Amino acid sequence: RTAVVLLTRDLRVHDNPALAAACANADQVVPLFVLDPGLGRLSPNRSRFLHQSLADLRTSLRARGGDLVLRAGDPVEEAMKLAREVGATMLGVAADVTAYAKNRERRLRDACDRERVSLRLFPGVTIVDPGELRPGGGGSAYRVFTPYHRAWTTAKWRDEVATPGTITLPDVAAGHLPAMPSGESPEAAAGGESAGRRRLTAWLRDIDAFGERHDDLPGDGTSRLSPYLRFGCLSPRALAGAATARDAEPFLRQLCWRDFYYQVANTFPRIATTPFRPNAGDEWRDDPEALTHWQEGRTGVPIVDAGMRQLRAEGWMHNRARLITAAFLTKHLGVDWRHGLRWFGRWLLDGDVPNNSGNWQWVAGTGNDTRPYRRFNPIRQARRFDPEGVYVRRYIPELASIDGPAVHEPWRLPDGARRRLDYPGPLESHRDEAVWLRP
Ligand code: FAD
């Protein structure tokens, strides 16, 4: 028996249910990845990370006697072509929640039915399956986090599966990995299961301090594992197991947020384009100039600009900074969250539809938040989470000469000192509460 495993967002050999099942049930296994030529244009950073992840996975599979078979084109057509070529009777793939993935699954099902190949869907993209927990009183998904979290903490998780020992590949051309894409962020983390596992090992030494440190902007005390979860270089289930063994409740809660947005996206496929509820405020403004200032980290509000520059430099931004920058765009500049979503989507290594859209909607007040009118005062946030201005100075060299917390409000400096800075004055907010910016 021969099986094809279509790998998508599960680019790992450890705890990979689709790969493990194929190795257990078939004599020959073809691990396949299909490069969709259109996707690279959306995000050069993720394209590079994906390339590194594929190269690493190929090395791991070769070390087990197998290979990563690469094709370019439409994933369904290429998977079926390969299944015919090797005479596969089974095709395995990880179930996923986005509209794109569901369409792929539906087309795979039709094609497999036609060609008498058995299609099997496997868990692995989340910790708890997206459709598993249902709110009481009907409804297809939880819309509010707290009750979901309560149910999630008592849900039974699937068992982790064994890493395959040896893999037997049928006679098939492996295909070339194209040249490494250049990416856009000079300090972006490297992709791949090996890099992810090294990061994880280091993180498990720090995990106990997460509860205290996760909002500390200069301390950088979060795991930075999100890109590895995004591409499935790490198994969320295995990560949750490691966190449970260390009683790391605050960290598990963050992982639960990820599952939460996946189950929302599972039942609300238009999450990236359509608000859950009307904008909790005024109409969105069309202000391309303000949007450009925000994108380039030149709003003149240092804590906002520091976050936006971290995004471009690293392809990643601290969660607290994501909240501050997203709230600034939507609540202070009044610009539609979908512009911010697209900009984050272009740069973030961890950018994905459920988390990016769910969080943007939460901040914008159109999403699954019980307090949609919440405002973030960026200066208060800056004083609280970057009390000495270390984070701001790290990303804004123009302000490096200003000591201590004064760096958060350069507009309060004496005239002469302010004029010497090569840094803009603060953008006017369209809302009255912008008084915080006035001296
Ligand atoms: P840690 O604090 O170490 O958390 C561990 C893991 O938990 C993360 O890797 C992530 O998988 C999950 N997690 C943590 N916070 C959240 C959250 N609020 N929502 C969902 N999952 C969470 N996260 C993404 O993975 N992809 C995105 O595209 C994305 N876009 C965002 C956009 C906005 C406007 C905001 C406010 C947040 C966004 N987040 C997104 C959530 C969060 O900021 C990142 O997951 C987190 O910063 C990643 O860093 P970390 O791995 O060090 O997180």
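How each quantity is defined
- Residues numbered from 1 in each chain as written.
- Predicted model: local features only at pLDDT ≥ 70, side-chain atom pairs only at ≥ 80, totals over all residues.
- Helix = DSSP H or I, 4+ residues; strand = E, 2+ residues; numbered from the N terminus.
- Rg over C-alpha atoms; globule rule 2.2 N^0.38 Å.
- Buried ≥ 20, exposed ≤ 12 C-beta atoms within 10 Å, placed from the backbone.
- Contact = placed C-beta atoms within 7 Å.
- Arc of directions from axis to C-beta.
- Core = buried A, V, L, I, M, F, W, Y, C linked by C-beta atoms within 7 Å.
- Near = placed C-beta within 6 Å.
- Domains from an automatic or database assignment.
- Pairing = 2+ DSSP bridges.
- Axes fitted to C-alpha atoms, helices over the stretch in contact; angles between N-to-C directions.
- Nonpolar A, V, L, I, M, F, W, Y, C, P; charged D, E, K, R; others polar.
- Parallel < 35°, antiparallel > 145°, perpendicular 65-115°, else oblique.

Participant: What exactly am I supposed to notice about the overall build of the protein here?
Facilitator: Within the protein, the regular secondary structure consists of 18 helices and five strands. At 23 Å, the protein has a C-alpha radius of gyration in line with the 22 Å of a compact globule built from 439 residues. With respect to the principal axes defined by its C-alpha atoms, the protein has extents near 75 × 50 × 45 Å. For the protein, the proportion of its 439 residues judged to be buried stands at 48%.

Participant: Could you clarify how one ought to interpret the environment of Phe-276 in this entry?
Facilitator: Relative to the elements of secondary structure, Phe-276 occurs in the loop between helix H10 (249-267) and helix H11 (288-295). Taking the C-alpha atoms as reference points, Phe-276 and Gly-367, 91 residues apart in sequence, are found 5.2 Å from one another. In this structure, Phe-276 is in contact with Gln-361, Thr-366, Gly-367 and Asn-368, ignoring residues within four places of it in sequence.

Participant: Just to check I follow, could you spell out helix H16 (residues 378-385) for this structure?
Facilitator: One turn of an α-helix holds 3.6 residues; hence residues three or four places apart share an orientation. Listing the buried residues of H16 in full gives Pro-378, Gln-381 and Ala-382. Taken around the axis of H16, the buried residues stretch over an arc of 100°, which confines them to a single face. Those residues of H16 that are exposed and angled more than 90 degrees off the buried face are Arg-380 and Arg-384. Close packing links the buried residues of H16 with helix H12 (302-314) and helix H13 (319-332).

Participant: How should I be thinking about the nonpolar core in this particular structure?
Facilitator: Here is a general trend for soluble globular proteins: nonpolar side chains tend to be buried in one another's company. In this structure, Val-4, Val-5, Leu-32, Ala-79 and Leu-91 are the most contacted members of the largest nonpolar core, which totals 117 residues. The greatest single-element share of this core, amounting to eight residues, is contributed by H10. Discounting residues that sit within four places of it in the chain, Val-4 has contacts with Val-30, Leu-32, Ala-79, Leu-82, Ala-83, Ala-88 and Leu-91.

Participant: Sorry if this is basic, but what is going on with the site of the ligand here?
Facilitator: For the ligand, the set of nearby residues contains 27 residues, the closest of which are Thr-222, Ser-223, Ser-226, Asn-356 and Asn-359. At the level of elements, helix H8 (226-230), H10, H13 and helix H15 (353-364) are the ones that each hand at least two residues to the shell around the ligand. Here the shell around the ligand spans two domains, since at least three of its residues come from each of domain 2 (126-157 + 194-267) and domain 3 (288-437).

Participant: Even after reading the chapter, I still don't get the sheet that holds strand S2 (residues 28-35), so can you show me in this structure?
Facilitator: The pairing of strands in a sheet comes from backbone hydrogen bonds and takes either a parallel or an antiparallel form. Strand order in the open sheet made by the five strands is S3-S2-S1-S4-S5, with parallel pairing throughout. Looking at the sheet topology across the chains shown, the edges are occupied by strand S3 (69-72) and strand S5 (118-122). Strand-to-strand twist in this sheet, taken as the mean axis angle between neighbours without regard to direction, amounts to 25°. Both strand S4 (residues 90-94) and S5 contribute to a ladder of five bridges, which runs parallel. Considered in S5, the bridge of Ala-94 is made with Phe-122. Across the sheet, helix H4 (residues 99-115) touches S4 and S5, and the angle it forms with S5 is around 155°.

Participant: I'm lost on the domain arrangement of the protein in this one. Help?
Facilitator: A common way to state how big an interface is: give the accessible area lost once the parts meet. As far as domains go, the protein holds domain 1 (2-124), domain 2 (126-157 + 194-267) and domain 3 (288-437). A separation of 39 Å is found between the C-alpha centroids of domain 1 and domain 3. Of the residues lining the interface, six residues belong to domain 1; the matching set on domain 3 comes to eight residues. Broken down by class, the residue content of the side of domain 1 that touches domain 3 amounts to two nonpolar, three polar and one charged.

Participant: Teacher, can you tell me more about the environment of Leu-42 here?
Facilitator: Tracing the chain through its elements places Leu-42 in the loop between S2 and helix H2 (44-63). Given 13 C-beta atoms within 10 Å, Leu-42 falls into the partly exposed group. Once the C-alpha coordinates of Leu-42 and Asp-27 are considered, the two residues, 15 residues apart in sequence, prove to be 38 Å apart.

Participant: How should I be thinking about the packing of H10 against H15 in this particular structure?
Facilitator: Two packed helices can be described by the angle between their axes and the distance between those axes. Relative to each other, H10 and H15 sit at 95°, their axes nearing to 8 Å. Taken together, the axis directions place H10 and H15 in an arrangement best described as roughly perpendicular. Contact with H10, carried on its side by Arg-258, Tyr-261, Tyr-262, Val-264 and Ala-265, involves Val-353, Pro-354, Asn-355 and Gly-358 of H15 and no other residues of that element. A class-by-class count of the residues in the contact of H10 with H15 yields six nonpolar, two polar and one charged.

Participant: What's the story with unusual backbone geometry in this structure? I'm lost.
Facilitator: Glycine aside, a negative phi is what most residues show, and trans is what most peptide bonds show. Here Asp-15, not a glycine, exhibits a phi torsion of approximately 40°, which is positive. For Asp-15, a count of 23 C-beta atoms within 10 Å gives the class buried. Here Arg-116, not a glycine, exhibits a phi torsion of approximately 55°, which is positive. By secondary structure assignment, the location of Arg-116 is in the loop between H4 and S5.

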